[in-house]
Amino acid sequence: MRNAWVICRKELASYFVSPVAYILLIMFGLIFGFFFWNALGYFVNEGIEMQLRGSSFPMNLNEQIIRPLLQNVSVVGLFFIPMITMRLFAEEKRTGTIELLATSPVRDLEVIVGKWLAAVILYSCLLLFTAVNFAFLFKYGNPDWKPLLVGYLGLLLQAGALLAIGTFISTLTKNQIIAGAVTFGVCLLLWVLEWVSGYESSTWARVLAYLSVITHFESFGRGVVDSKDAIFYATVIFLGLFFTARSLESLRWRS
Amino acid sequence: MINVKELTKRYARTTAVDHISFEVGKGQIVGFLGPNGAGKTTTMRMLTCFLPPSSGSATVAGFDVLEQPLEAKRRIGYLPETPPLYPEMEASEYLRFVGKLKGLSGEELDKRIDYVCDRCAIADVRKKLLGKLSKGYRQRVGLAQAIIHNPDVLILDEPTAGLDPKQINETRDLIKNLAGSHTIILSTHILPEVEQTCEQVIIINKGKLVATDSVRNLQARARGAESVILEIAGRNGTVEPTLVQQRLVKVSGVSNVSLKNQQDGRAIFEVESQKGQLVRGDLARAVVESGWDLNELRPASMSLEEVFLQLTGNETLAEKAAAKGAQP
Ligand SMILES: Nc1ncnc2c1ncn2[C@@H]1O[C@H](COP(=O)(O)OP(=O)(O)O)[C@@H](O)[C@H]1O
Ligand SMILES: [Mg+2]
């Protein structure tokens, strides 16, 4: 797996020499910052009102700020995933550098894992960027840090799954815009699938809801590691990378 | 070093490579010649394990490309038609990356990077972004990455395509210099390239093997009878070509005499002999005895272009090439 690490380092370098990584970081930071201060403002406002009314409704940073924020990140992440994965293979196919990778003594799997890992690491950087805001909570409040960590774990797992799907889609075309658009569509679909459970309770609706990546994040958002949900994400990661491997292979047999 | 048996590649519509067999010995430098669309790139992609063959087999450095691709790849350096460069990388960073992919590390990697930079004359662009390099430099960085792991076999797909004449010469010299330590296959659709750089030539056309031989044999083979170029000058500064022609045709064994050029009292003829006849001595005697000066007498070597076109069955073009090639 040394080779996977070589590939991963190269991918990270190319994220960070181009403006891509910085643009994503800044956008993500801004959007999250907005959510954060919004939530905080609301929280503070509510606290003051309650004191004025004299009621002593328990205020809880974890429940009222961290949990909804993590939910927000899990949705906002959907929009950033395609921008991270779209170039992974499409660009190599367009410029012909795929020929270098494919004729080097490296296994396909090492290339795939390396690229996927780089995408996960870039996404972790985005998350780390958001953690700065939470540090503020810890300075002035006293939230429980365990649910926060579990939430981040959930976000990483969810992103890992979507990034694996994006990696697969990137092998299907030479055009990174197409790869990005399709990945975006799939991500969006995987999010809204959950909505059917709002009005339907047939088996089909439940299957669709099950496939929705967002529903599996709920437990993590509450600070609970539910093995069922963790297994769901792990399965999607595995399938995504597996189909990427098949796609690379069939690319050779076909072309 | 390279052993190809009945190698075939079928695409949905076309058979790009059709039952090709050949062998390349250790240390040879072989030209893989064919017009565009002949199947050169496809063959090379099969040899480098990029494409799996539809049928047939190929071994490189003793390893089957289908059975032991990793072992084969370790021993191959490959320069695809367009050099596989990452525009956002610096040249040295790129070579480091490729070196690691090929299994080098540590001090050895540093040494090899220095060595290939020196060898391919790219030391002055080590810190430049690949996207900003000129075509010639891109090609040389492409060559540098191909030899970084000191492979037994070098496979170069049209290494001089798209370069200007000066760059072409530099690249050819570079390849010739590499020949000592590697077995090289280079593809091209440009004939002089093969004549100048290669010892062996494999000619393919429409996916089929047309000929495989040494460059010298092929030239001889396509030329049935001897053909000589004569330059003749008159003693008093003028020469009457028709007179000379009449005299030369009378020499026994000569089948045809044609005037190629006439200038400043000198005339150049191409004389063809009948099959199996050696006429050079008689020609020289005839010229001198008639009171003319013989400035030059040399065998007309047929350009590989003519050979190639003859072999690939394009006769009208072959004649054109012959007419062009014989001009001084
Ligand atoms: N990926 C592909 N799919 C279908 N046909 C192809 C593909 N690549 C090449 N061909 C066809 O195979 C033939 C040989 O192509 P190629 O090996 O590139 O020739 P050369 O390199 O000698 O110019 C051509 O007719 C070309 O159209
Ligand atoms: Mg080609």
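It should be emphasised that the depicted structure is a prediction, and the values quoted were computed from it without experimental measurement. (Residues numbered from 1 in each chain as written. Chains lettered and ligands numbered in written order. Predicted model: local features only at pLDDT ≥ 70, side-chain atom pairs only at ≥ 80, totals over all residues. Heavy atoms only, no water.)

*Asks:* Looking at this model, I keep getting lost on the confidence of the model for chain B. Mind explaining?
*Replies:* In low-pLDDT segments, the atomic positions of the prediction should not be examined closely. Here chain B averages 85 in pLDDT, while 88% of its residues score no lower than 70. Two summary scores accompany this predicted model of the complex, namely pTM at 0.82 and ipTM at 0.89. (pLDDT = per-residue confidence, 0-100.)

*Asks:* Can you help me understand the site of ligand 1 in this one?
*Replies:* Surveying the vicinity of ligand 1 reveals 11 residues, the closest of which are Gly 37, Gly 39, Lys 40, Thr 41 and Thr 42 of chain B. The local environment of ligand 1 is shared, drawing residues from chains A and B. At 2.7 Å from an oxygen atom of ligand 1 is found a main-chain nitrogen or oxygen belonging to Gly 37 of chain B. In this structure, Lys 40 of chain B approaches ligand 1 through a main-chain N or O atom, which is 2.8 Å from an oxygen atom. In the complex, 63% of the free accessible area of ligand 1, which totals 560 Å², lies under the protein chains. Here the shell around ligand 1 takes three residues from helix α1 (residues 40-47) of chain B, the largest share from any one element. The class makeup of the residues in the shell around ligand 1 is four nonpolar, six polar and one charged. (Near = heavy atom within 4 Å. Polar contact = N/O pair within 3.5 Å; in protein donor to acceptor, adjacent residues only side chain to side chain. Areas by Shrake-Rupley, 256 points an atom, 1.4 Å probe, with all protein chains shown as cover. Helix = DSSP H or I, 4+ residues; strand = E, 2+ residues; numbered from the N terminus. Nonpolar A, V, L, I, M, F, W, Y, C, P; charged D, E, K, R; others polar.)

*Asks:* When you look at the domain arrangement of chain B in this model, what are you seeing that I'm missing?
*Replies:* How big an interface is tends to be reported as the loss of accessible area on association of its parts. Taken domain by domain, chain B comprises domain 1 (2-220) and domain 2 (224-299). Taking only C-alpha atoms into account, the centre of domain 1 of chain B sits 45 Å from that of domain 2 of chain B. (Domains from an automatic or database assignment.)

*Asks:* What should I look at first to understand the sheet that holds strand β10 (residues 208-214) of chain B in this one?
*Replies:* Residue and element names in this part refer to chain B. Strand order across the open sheet formed by six strands is β6-β7-β8-β3-β9-β10, with mixed pairing between neighbours. Edge positions in the open sheet fall to β6 (76-79) and β10, since each of these has one partner strand only. Strand-to-strand twist across the sheet, computed as the mean angle between neighbouring axes with direction ignored, equals 15 degrees. Its contacts with the sheet place α1 against β3 (29-33), β6, β7 (153-157), β8 (183-188) and β9 (200-205), and it is angled at close to 150 degrees to β8. Across the sheet, helix α5 (residues 135-147) lies against β6 and β7, angled at about 165 degrees from β6, the strand it touches most. (Pairing = 2+ DSSP bridges. Axes fitted to C-alpha atoms, helices over the stretch in contact; angles between N-to-C directions. Contact = heavy atoms within 4.5 Å.)

*Asks:* I would appreciate a short explanation of the coordination of the magnesium ion (ligand 2) in the present structure.
*Replies:* Tetrahedral coordination by four donors sets the ideal angle at the metal to 109.5 degrees; octahedral coordination by six donors sets it to 90 or 180 degrees. Residues and elements named next belong to chain B. Within the protein, Thr 41 (OG1) and Glu 81 (OE) serve as the donor atoms for the magnesium ion (ligand 2), at 2.0 to 2.6 Å. Note that Thr 41 is positioned in helix α1 and Glu 81 in the loop between β6 and α3 (91-101), a separation of 40 residues in sequence. The class for Thr 41 is buried, based on a relative accessible area of 17%. A relative accessible area of 39% places Glu 81 in the partly exposed class. (Donors = N, O, S within 2.8 Å, 3.2 Å for Na, K, Ca; no water. Buried < 20%, exposed > 50% of the residue type's maximum accessible area, 1.4 Å probe, protein only.)

*Asks:* What's the story with a nonpolar patch on the surface in this structure? I'm lost.
*Replies:* All names here are of chain A. Taken together, the side chains of Tyr 22, Ile 23, Ile 26, Met 27, Leu 30 and Ile 31 make up a nonpolar region of the molecular surface, amounting to roughly 590 Å² of accessible area. On the secondary structure map, Ile 31 appears in helix α2 (residues 20-53). Accessibility expressed as a relative area gives 31% for Ile 31, which makes it partly exposed. (Patch = residues over 30% accessible without salt bridge, like charges linked within 9 Å, V, L, I, M, F, W, Y side chains within 5 Å. Salt bridge = Lys/Arg side-chain N within 4 Å of Asp/Glu carboxyl O.)

*Asks:* Can you help me understand the interface of chain A and chain B in this one?
*Replies:* Tallying the contact residues gives 27 residues for chain A and 31 residues for chain B. Here chain A packs against chain B, burying approximately 2500 Å² in sum over the two surfaces, 64% of which is carbon and sulfur. Looking at the side of chain A facing chain B, the largest losses of area belong to Glu 99, Leu 100 and Pro 105 of chain A, adding up to 26% of the total buried there. Our count for the contact surface shared by chain A and chain B stands at one salt bridge. Linking Arg 45 of chain B and Glu 99 of chain A is a salt bridge whose minimum nitrogen-to-oxygen distance equals 3.0 Å. Linking chain A with chain B are eight residue pairs in polar contact (both at pLDDT 80 or more), by the criterion used here. Looking at the side of chain A that touches chain B, the elements that each hand over two or more residues are α1 (2-17), α4 (87-95), α5 (98-102) and α11 (227-254) of chain A. Residue classes in the side of chain A that touches chain B are distributed as 11 nonpolar, eight polar and eight charged. (Buried area = accessible area lost by both parts, 1.4 Å probe.)

*Asks:* Quick question: what am I supposed to make of the sheet that holds strand β1 (residues 2-10) of chain B here?
*Replies:* Each strand in a sheet pairs with its neighbour through backbone hydrogen bonds, running either in the same direction (parallel) or in the opposite one (antiparallel). All names here are of chain B. With antiparallel pairing, four strands are arranged side by side in an open sheet as β2-β1-β4-β5. With partners counted over all chains shown, the strands left at the sheet margins are β2 (15-24) and β5 (63-64), one partner each. Pairing geometry for β1 and strand β4 (residues 55-60), over five bridges, is antiparallel. For Ile 2, the partnering residue across the bridge sits in β4 and is Val 60. Across the sheet, α1 touches β1, β2 and β4, and the angle it forms with β1 is around 120 degrees.

*Asks:* Would you mind showing me how to read the side chain of Asn 133 of chain A here?
*Replies:* Residues and elements named next belong to chain A. Tracing the backbone shows Asn 133 in helix α6 (residues 108-140). On the accessibility criterion, Asn 133 (13% relative accessible area) is buried. Ignoring any residue separated from it by four or fewer positions in sequence, one finds Asn 133 in contact with Phe 32, Gly 33, Phe 36 and Trp 37.

*Asks:* Teacher, can you tell me more about unusual backbone geometry here?
*Replies:* Residue and element names in this part refer to chain B. You will see that Cys 49, though not glycine, has its phi angle at about 65 degrees, which is positive. Counting through the fold element by element, Cys 49 comes out in the loop between α1 and β4. Of note, the phi angle at Lys 206 is positive, near 50 degrees, even though the residue is not glycine. Mapping Lys 206 onto the fold places it in the loop between β9 and β10. Residue Lys 206 is classed as exposed on the basis of its relative accessible area, which comes to 67%.

*Asks:* Got a minute to help me understand helix α7 (residues 145-170) of chain A in this structure?
*Replies:* For the α-helix, the turn length of 3.6 residues means that residues three or four positions removed from each other point alike. Taking 1.5 Å per residue as the helical rise, α7 of chain A with its 26 residues ought to reach 38 Å, and the 37 Å between its terminal C-alpha atoms agrees with that figure. Looking at where α7 of chain A begins, the residue whose side-chain oxygen comes 3.3 Å from the main-chain nitrogen of Lys 146 of chain A is Asp 144 of chain A. (Expected span 1.5 Å × (residues − 1).)

*Asks:* Where do I start with the environment of Asp 173 of chain B in this structure?
*Replies:* All names here are of chain B. Turning to its location among the elements, Asp 173 is positioned in helix α6 (residues 165-178). On the accessibility criterion, Asp 173 (43% relative accessible area) is partly exposed. Between the C-alpha atom of Asp 173 and that of Asp 110, which follows or precedes it by 63 residues, the distance is 25 Å.

*Asks:* Looking at this structure, I do not really get helix α10 (residues 280-289) of chain B. What am I missing?
*Replies:* Residue and element names in this part refer to chain B. Among all positions in α10, only Leu 283, Ala 286 and Val 287 are buried. End-on, the buried residues of α10 take up no more than an arc of 95 degrees, which puts them together on one face. As for α10, its buried residues are in contact with β11 (227-234), α9 (241-250), β12 (254-263), β13 (266-273) and β14 (292-299). (Arc of directions from axis to C-beta.)

*Asks:* Got a minute to help me understand the environment of Ala 119 of chain A in this structure?
*Replies:* Residues and elements named next belong to chain A. In this fold, Ala 119 is placed in helix α6. Between the C-alpha atoms of Ala 119 and Tyr 15, which are 104 residues apart in sequence, the distance is 9.1 Å. With near-sequence residues (within four places) excluded, Ala 119 lies in contact with Tyr 15, Ile 84, Leu 88 and Leu 163.

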